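# Chains, contacts and geometry: an overview
Chain by chain, the residues:
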Amino acid sequence: SSSQFFSRCRYLNELKEDDSLCRQAQTSGTFYLFHNLSPFLQKAGKKYLVPQLSAAEMKRILEKFKETEQWIEKSVLIGCSDEHVPHFALDLGALEKSVVESELRGSFTDLRKALFIVDGNDSSLLASAQSLLRWHDSHQYCSKTGQPTQKNVAGSKRVCHASGITYYPQMSPVIITLVSDGSRCLLARQPSFPQGMYTALSGFCDVGENVEETVRREVAEEVGLEVESLWYSASQHWPFPSSCLMIACHASVRAQQAEISMNSLELEEARWFGLEEIVEGLKREPRSSKQDDGSFLPWFPPKQAIAHQLICEWVKQQSS
């Protein structure tokens, strides 16, 4: 309900601003565990779950590894339930990975894999948690004085007491664009992609650019096409290569000027796909894309990725 949403937002803001309140919340909250930025998962049948450990369980684990409860201070606030149960993320990278996995009966999994095998709500939370943990790990010193920075209890900021500068976690804006010439859409792949995977064009916004300028520049740079019109679709936080805000757009080019001139420094392949080929590709999983001759049929990002949403929107538009 709206009242629950407002109440939750205000409670989270209080926890970020009040160290003593947040420290108290750590004694009743739940914890998501990471090991060197890889989230902890447990397998239940064919599903993968993201366990939430209670404060009491965290205390037991830390005692078992002869660590003090002060480890909890390293955690970062990542959300709370409608009932105001706060959620924290804690990285146990200093502990022996295999021993922790054995104790908790699960495994620490690379985030790129984890995002696509857990529930959608959990994948969003894990992405946010890893981004925040990564930011704290890389901002332990002030860029002006070189002195250590101190995080607040919630982990919503870091302060350099020598200079008085306060640092806040930031996201880099990235556009991701599905280009269409009216009857086809353009997808591309980089050499680092899994075999057979194609996706929409993407690139970081340059300083001083707005979204429209970035879309036009990236499409021109990567495939040599001139965008005639564009419109916004949605946005998504994405933790790779660091914390990014993916701004998803559709862009149209003239069919008469749709000859691709690919930038081979950035892309391995870029080509046009018709509706039928897109529909078939959406049904295909990575495991089923390899053919007998060793080549790969095209497949596309899974539903948790905003590129998947763009492609599905294009299919719906074409079908209607």
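Residues numbered from 1 in each chain as written. Predicted model: local features only at pLDDT ≥ 70, side-chain atom pairs only at ≥ 80, totals over all residues. Heavy atoms only, no water.

### Some points on the overall build of the protein chain
- On a plain count of helices and strands, the protein chain comes out with nine helices and 16 strands.
- Seen through its principal axes, the protein chain has C-alpha atoms that stretch 65 × 50 × 40 Å.
- In the protein chain, of all internal contacts separated by at least 6 residues, the share reaching a separation of at least 24 is 62%.
- Total accessible area on the protein chain stands at roughly 17,200 Å², and carbon and sulfur atoms take up 48% of it.
- Each charge sign in the protein chain was given a centre, from 33 positive and 40 negative side chains, and these centres are 6 Å apart. (Helix = DSSP H or I, 4+ residues; strand = E, 2+ residues; numbered from the N terminus. Contact = heavy atoms within 4.5 Å. Areas by Shrake-Rupley, 256 points an atom, 1.4 Å probe, with all protein chains shown as cover. Lys, Arg positive; Asp, Glu negative; His and termini not counted. Charge placed at Lys NZ, Arg CZ, Asp CG, Glu CD.)

### Considerations on the sheet that holds strand 8 (residues 150-151)
- The sheet built from three strands is open, its strands ordered 8-9-10 with antiparallel pairing. With partners counted over all chains shown, the strands left at the sheet margins are strand 8 and strand 10 (165-167), one partner each.
- Bridging between strand 8 and strand 9 (residues 158-160) involves two bridges; their strand directions are antiparallel. Among the inter-strand pairings, Gln150 is bridged to a residue of strand 9, identified as Val159. (Pairing = 2+ DSSP bridges.)

### Section: a negative patch on the surface
- Taken together, the side chains of Glu14, Glu17, Asp18 and Asp19 make up a negatively charged region of the molecular surface.
- Relative to the helices and strands, Glu14 is located in helix 1 (residues 2-17). (Patch = residues over 30% accessible without salt bridge, like charges linked within 9 Å, V, L, I, M, F, W, Y side chains within 5 Å. Salt bridge = Lys/Arg side-chain N within 4 Å of Asp/Glu carboxyl O.)

### A look at the nonpolar core
- Judged by nonpolar contacts, the single largest core of 40 residues is most densely connected at Ile176, Leu178, Leu187 and Ile278.
- Ignoring sequence-local partners within four residues, the contact set of Leu178 consists of Cys185, Leu186, Leu187, Ala200, Cys249, His250, Ala251, Leu310, Ile311 and Trp314.
- Among the nonpolar cores identified, the runner-up in size contains 27 residues, and Cys22, Phe31, Phe88 and Leu90 belong to it. (Core = buried A, V, L, I, M, F, W, Y, C linked by side-chain atoms within 4.5 Å. Buried < 20%, exposed > 50% of the residue type's maximum accessible area, 1.4 Å probe, protein only.)

### Quick look at the UniProt feature "domain: Nudix hydrolase" (unreviewed entry) in the protein chain
- Residues given the UniProt feature "domain: Nudix hydrolase" (unreviewed entry) here are residues 169-295.
- Helix makes up 17% of residues 169-295 and strand 35%. Its end C-alpha atoms lie 43 Å apart. (UniProt positions renumbered as here; feature names shortened; annotations may be inferred.)

### Re helix 1
- With 16 residues, helix 1 should cover 22 Å at 1.5 Å per step; its first-to-last C-alpha distance of 23 Å lies within 8% of that length.
- The complete set of buried residues in helix 1 reads Tyr11, Leu12 and Leu15. An end-on view of helix 1 places all buried positions within 100° of arc, on one side of the element. Counted as exposed and oriented over 90 degrees from the buried face of helix 1: Ser2, Ser3, Phe6, Arg10 and Glu17.
- As for helix 1, its buried residues are in contact with helix 2 (19-25), strand 5 (76-80) and strand 6 (86-91). (Expected span 1.5 Å × (residues − 1). Arc of directions from axis to C-beta.)

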